[in-house]
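# Residue-level structure breakdown
Given next are the chains, with one letter for each unit.
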Amino acid sequence: MAFPYQCIEACNRSRGGNHDWTLFGACGSRLVAQSSSGASSIWPTAENVDVKDDAPEDEPQERPGKRIKLSPSADAPSTSNFSCLVVSNDKQYLVAVTAEDKCIRVFQIDSNCQLHQLSQRCMAKRPCSITLTSDDSTILCADKFGDVYALPLIPSAEDNLNDTLAGGPSEQAAEKPYTPAASVLTVHSGRNRKVLEEQLKQASKGPKKIKEPLKFKHELLLGHVSMLTDIVYATINSRSYVITADRDEHIRVSRGLPQAHIIEGFCQGHEEFISKLCLTESGLLVSGGGDANLFIWNWQQYRLLEKVCIRDYVLRHYRAQPQLAALLPEDEGNFKTAVSGIWSVPNSQSKKDVILVACEGVPALFSFQLGDSSTSGEAIPLHGNVLDVTFVWPSQDACTAVVAVDNVHKPGSTTETHDDEGPSRLQYLSYQQDGTWGEDSIVGGILKWFNRRASAGNLDGRGEEFDTKTKARLDDEKAVRDILYGVENLRKRAGADD
Amino acid sequence: MPGEPAKRTKREAYKDSLPTDGQNAAFPQKKFYRQRAHANPFSDHSLTYPKSPAEMDWAKYYPAYAVKTEDQDRQEKEKEAAVESHDQGQTSGAVVKGITQPVEIADIGCGFGGLLFALAPKFPDTLLLGMEIRMSVTEYVQEKVRALRVQNAATSGYQNVSCMRANTMKFLPNFFAKAQLSKIFLCFPDPHFKQRKHKARIVSYTLNSEYAYVLKPGGIVYTITDVEDLHRWMTGHFERHPSFERVGEEELEGDVCVEIMRSETEEGKKVERNKGLKFVACFRRIEDPPWP
């Protein structure tokens, strides 16, 4: 069985009326690419893999999801799993995040569909979501600690020079004798005095090792005291904004660079964690997470326009399907949804915004047409849980949603796995002029290799080896689950502590 | 820990013994409300907080300022209309439920409330709010507010001061609208000495953006600490933040709040007894620059 694509991202180019596209998929720690012309590639390439194969004793450590500190060297390929893919606005670069090593990787996309890694920058805290400024100069990285950092997409020589300088003073600082921040004047209780004595004793033993600072340009822009879950960069009439969402129900609207320290306002109303933000074609903001509702905002005025009960749509869909209805809890009041994805459908034809919504562990997509007064939606049943969605344009006025589905777990479950070969890892839905979605076999035909890749794996003759590794990965069910399903974990547990 | 149950039993017995008619004029006894001085600001305490400032039930905290019933009906209607158009974030004035004027002074991490009770008579026409993350300590201040209101019923004293439990590091914008506050006090905050705990400090470059958001231009953040290292940290982070400027020494000497902050906080008194040092620094919220 193949490992599913946990994230996919398309790059659409149009040259003189010719439309071509490239699809990138992250499959565990590998990136697979295929273009509409048929070119394809896999990263890391076989040569890179050779380097790794010299050290087979590393093998047991390769299981995904393991919490180990990795210090990747420049030439060794990563064994960390990709968690986020973003194509630059100019379609030249793919920016990817690998989760376990907290690394932001920038790849150049060449005309032959090959990926060339230009940089890898490991952050201090795990990036949860990244985006690019509209001019592609800067990566905005929202992390698990609640902070947003700005990094140049392509660090200039000057930046690097400054980095070496930046490394200097802190090393000197480390040699300075340690003095506790507390003193006999500030410590009042007997026990604390003892601790202070202990600290001074420790200090006399020599300087403590301090964490090495990041050796590349990164600027702290803003921060929440809560884990960030999504970040959006918006430009409206020459004003730019950074919109951030966190686990504590906040959607914050800040000014864009260089005034990101100014908070303009908050979109308030969520009662559970927020996991996804999405700007529609017309500029509305849609947010979703652990709440039963999706929220639709006029975000520039911090005004809630409409709530759409996504939970009801999911519930109705489950009730209508016998296999899914069996999964519903006895008391339907306990049925909860966690939004794992919201995508704005690029559709220049219609005046109305169309979005697709996925919930974690739900084998369907929900398509909504955002109306002036009321939003109407429909469920699109799929043969596996939705993991990610991206859009390709085969021609001027056609748009196809490529959906990555979970071929490992049974539809509707995030724990139970298929016993036999699971379903296809991708499904293709084309958006019809009448606003409905239909199977697209043409794009499906082009992506046959992409879809089968890793299970057949005959491109470089190393497929079998990949397969053994894939198998080892799939055997670790919990690790697989951790890569694919993390949204419901954001929910706060009642009375966790006090 | 041994001894815990006895302590709890005593506390419960004490609290049960308190009269419930609301007319009790006796101050609460601090020894029944003590709580360890540290709280984890990152954990999901079972806190209650409004979804937005517009939904805050302020009348519960400032009953003397509660809007009269006919006003309330009108305000309810207005509120409904406001939910329709929901533009509370945009306007700078606060849309506050149930009271006639918004809170303007916040003491973040108010502890046992020494500063609040000293400030309240000095600002009789302004509403002051203490915010404290520790539950027992909050209860103590609330009890003391109640007792002071009973004692001063004739003059309606202390009606302008109240206290609530809150994690302001996470939820400050849930309580206050943009540019609502004129003063914020950060007195003797937890120093969080360990380097890896620095994000838990009440002052940081990123949190300062939230203080700037709830403060009016010209509003002031007051800080005081006995830990020089923390003083340098707070000063550094505020001076680096483009929305703030340091208030000069001369101006500080003329400010009654600074005097009270030095002498009336419980920590301030403790430091006095130990002949420790006190470091004061204040920062003014400056007007936002035009968009680039």
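The model shown is predicted, which means the values in this text are computed figures rather than measured ones.

## Digging into unusual backbone geometry
Residue and element names in this part refer to chain A. Cis rather than trans, the peptide bond between W43 and P44 has omega equal to 0 degrees. On the secondary structure map, P44 appears in the loop between β4 (40-43) and α1 (46-53). A cis amide bond, omega 0 degrees, links L257 with the succeeding residue P258. Turning to its location among the elements, P258 is positioned in the loop between β15 (251-255) and β16 (263-266). We note that S238 has phi near 70 degrees; this positive angle belongs to a residue other than glycine. Along the chain, S238 falls in the loop between β13 (228-236) and β14 (239-246). For S238, a relative accessible area of 68% gives the class exposed.

## Quick word on the interface of chain A and chain B
Counting from both sides, the interface comprises 43 residues of chain A and, opposite them, 50 residues of chain B. Counting across the interface, chain A meets chain B through five salt bridges. Among the salt bridges present, the one from E210 of chain B reaches R252 of chain A, with a minimum N-O distance of 2.6 Å. There are 15 residue pairs in polar contact (both at pLDDT 80 or more) connecting chain A and chain B. When the residues that make up the side of chain A that touches chain B are grouped by side-chain class, the tally is 15 nonpolar, 15 polar and 13 charged.

## Section: a positive patch on the surface
Where like charges cluster on the molecular surface, the positive patch consists of R36, K194, R196 and K197 of chain B. Within the secondary structure, K194 of chain B is located in the loop between β4 (181-187) and α6 (205-214).

## Examining helix α5 (residues 168-175) of chain B
Among the eight residues that make up α5 of chain B, eight are buried, leaving the element largely enclosed by the rest of the structure. Near the N-terminus of α5 of chain B, the side chain that reaches the backbone nitrogen of M169 of chain B, with its oxygen 3.1 Å away, is that of N167 of chain B.

## Digging into the pattern of salt bridges
Applying the stated criterion across every chain yields a total of 27 salt bridges over all chains. Salt-bridge contacts for K199 of chain B lead to D147 of chain A; the nearest nitrogen and oxygen are separated by 2.8 Å. Here K199 of chain B, found in the loop between β4 and α6, pairs with D147 of chain A, found in strand β11 (residues 147-152), and the two come from separate chains. We note a salt bridge from E245 of chain B to R284 of chain B, for which the minimum N-O separation is 3.0 Å. Taken together, the residues E245 of chain B in strand β6 (residues 244-246) and R284 of chain B in strand β7 (residues 279-285) connect sequence positions 39 residues apart. A residue is classified by how much of its surface remains accessible, and E245 of chain B, at 35% relative accessible area, is partly exposed. Residues participating in the shared-partner salt-bridge network are D248, E249 and K492 of chain A together with K170 of chain B.

## Section: a negative patch on the surface
Residues and elements named next belong to chain B. A cluster of acidic residues, E249, E253, E259 and E264, forms a negative patch on the protein surface. Of all the secondary-structure elements, those providing two or more residues to the negative patch are α8 (249-253) and α9 (256-264). Mapped onto the elements, E259 comes out in helix α9.

## A closer look at the UniProt feature "repeat: WD" (unreviewed entry) in chain A
Mapped onto this numbering, the UniProt entry gives "repeat: WD" (unreviewed entry) at residues 267-307 of chain A. A helix fraction of 0% and a strand fraction of 54% characterise residues 267-307 of chain A, whose end C-alpha atoms lie 13 Å from each other.

## Regarding the sheet that holds strand β20 (residues 303-309) of chain A
Backbone hydrogen bonds hold the strands of a sheet together, and the pairing may be parallel or antiparallel. Residues and elements named next belong to chain A. Taken together, the four strands give an open sheet; going across it, the order is β17-β18-β19-β20, and neighbouring strands pair in antiparallel fashion. The open sheet has two edge strands, β17 (274-279) and β20, and neither has a second partner. If you compare each strand with its neighbour and ignore which way they point, the axes differ by 20 degrees on average. Where β17 lies against strand β18 (residues 285-289), five bridges are found, and the strand directions are antiparallel. Following the sheet pairing, C278 is matched in β18 by V286. Along the sheet, helix α4 (residues 310-320) contacts β19 (293-298) and β20; its crossing angle with β20, the most-contacted strand, is approximately 15 degrees.

## Regarding the UniProt feature "active site" (unreviewed entry) in chain B
Residue and element names in this part refer to chain B. Within the UniProt annotation, "active site" (unreviewed entry) is assigned to D190. Tracing the backbone through its elements, the reader meets D190 in the loop between β4 and α6. Residues within four places of D190 in sequence aside, it is in contact with A37, H38 and L230. Of note is the side chain of D190, whose polar atom sits 3.1 Å from the backbone nitrogen of H192.

## A closer look at the packing of aromatic side chains
Residue and element names in this part refer to chain B. This model, assessed by the stated rule, comprises 20 aromatic pairs over all chains. Aromatic side chains W58 and Y62 sit 6.4 Å apart centroid to centroid with 35 degrees between the ring planes, which places their arrangement in the tilted category. When its relative accessible area of 0% is taken as the criterion, W58 is described as buried. On the numbers, 4.5 Å between centres and 15 degrees between planes, the contact of F185 with Y222 is stacked. Here the residue F185 occupies a position in strand β4, and Y222 occupies one in strand β5 (residues 215-225), the gap between them amounting to 37 residues. Of the two residues examined, F185 and Y222, each falls in the buried class. In textbook terms, an aromatic cluster arises when at least three aromatic residues are bridged by ring pairs, as seen for Y14, Y33, F112 and Y140.

## Structural notes on the state of the cysteines
Two cysteines form a disulfide when their sulfur atoms are joined by a covalent bond. All names here are of chain B. Under the defined criterion, the tally for this structure stands at zero disulfides over all chains. The thiol sulfur of C110 is not disulfide-bonded, and the nearest other cysteine sulfur, from C163, lies at 3.8 Å. Taking relative accessible area as the criterion, C110 reaches 8% and is therefore assigned buried. Cysteine C257 remains unbridged, with the sulfur of C282 as its closest cysteine sulfur at 8.6 Å. When its relative accessible area of 1% is taken as the criterion, C257 is described as buried.

## Some details on empty space enclosed by the protein
To find the voids left in a structure, one rolls a probe of water-molecule size over its atoms. Residue and element names in this part refer to chain B. Throughout the structure, instances matching the rule amount to four cavities of 30 Å³ or more. By volume, the second largest cavity is sized at about 60 Å³. For the lining of the second largest cavity, the leading source of residues is α5, giving three residues. Here the lining of the second largest cavity is built from residues that sort into four nonpolar, three polar and five charged.

## Quick word on the pairing of strand β22 (residues 353-359) of chain A
Residue and element names in this part refer to chain A. A large share of β22 lies buried, amounting to seven of its seven residues. Neither face of β22 is exposed, since D353, I355, V357 and C359 on one face and V354, L356 and A358 on the opposite face are all buried. Bridging between strand β21 (residues 339-344) and β22 involves five bridges; their strand directions are antiparallel. Within the sheet, the bridge partner assigned to W343 lies in β22 and is L356.

## Considering the UniProt feature "binding site: S-adenosyl-L-methionine" (unreviewed entry) in chain B
Residues and elements named next belong to chain B. UniProt records the feature "binding site: S-adenosyl-L-methionine" (unreviewed entry) at G109, E132, I133, N167, T168, C187, T265, E266 and E267, using the numbering of this structure. Here T168 lies in helix α5. With near-sequence residues (within four places) excluded, T168 lies in contact with I108, M131, I202 and E210. Its location among the elements puts T265 in the loop between α9 and α10 (266-273). Residue class for T265 comes out buried when judged on its relative accessible area of 7%. Excluding anything up to four places from it in sequence, T265 contacts L115, C187, F188 and I260.

## As for the pairing of β7 of chain B
Residues and elements named next belong to chain B. Across the seven residues of β7, seven count as buried, placing the element largely inside the fold. Burial along β7 is two-sided: F279, A281, F283 and R285 and V280, C282 and R284, pointing in opposite directions, are all buried. Here three bridges tie β6 to β7, and the two strands are oriented antiparallel to one another. When the sheet's bridge partners are listed, F244 is paired in β7 with R285.

About the criteria used
- Residues numbered from 1 in each chain as written.
- Chains lettered and ligands numbered in written order.
- Predicted model: local features only at pLDDT ≥ 70, side-chain atom pairs only at ≥ 80, totals over all residues.
- Heavy atoms only, no water.
- Helix = DSSP H or I, 4+ residues; strand = E, 2+ residues; numbered from the N terminus.
- Buried < 20%, exposed > 50% of the residue type's maximum accessible area, 1.4 Å probe, protein only.
- Contact = heavy atoms within 4.5 Å.
- Salt bridge = Lys/Arg side-chain N within 4 Å of Asp/Glu carboxyl O.
- Polar contact = N/O pair within 3.5 Å; in protein donor to acceptor, adjacent residues only side chain to side chain.
- Nonpolar A, V, L, I, M, F, W, Y, C, P; charged D, E, K, R; others polar.
- Patch = residues over 30% accessible without salt bridge, like charges linked within 9 Å, V, L, I, M, F, W, Y side chains within 5 Å.
- Areas by Shrake-Rupley, 256 points an atom, 1.4 Å probe, with all protein chains shown as cover.
- Lys, Arg positive; Asp, Glu negative; His and termini not counted.
- Charge placed at Lys NZ, Arg CZ, Asp CG, Glu CD.
- UniProt positions renumbered as here; feature names shortened; annotations may be inferred.
- Pairing = 2+ DSSP bridges.
- Axes fitted to C-alpha atoms, helices over the stretch in contact; angles between N-to-C directions.
- Phe/Tyr/Trp six-rings, centres within 6.5 Å; stacked < 30°, edge-to-face > 60°.
- Disulfide = S-S within 2.5 Å.
- 1 Å grid on protein atoms, 1.4 Å probe; cavity = no way out; pocket = protein on both sides within 12 Å on 5 of 7 lines; lining within 4 Å.
- Points joined across faces, edges and corners; volume = space filled by probe spheres on them.

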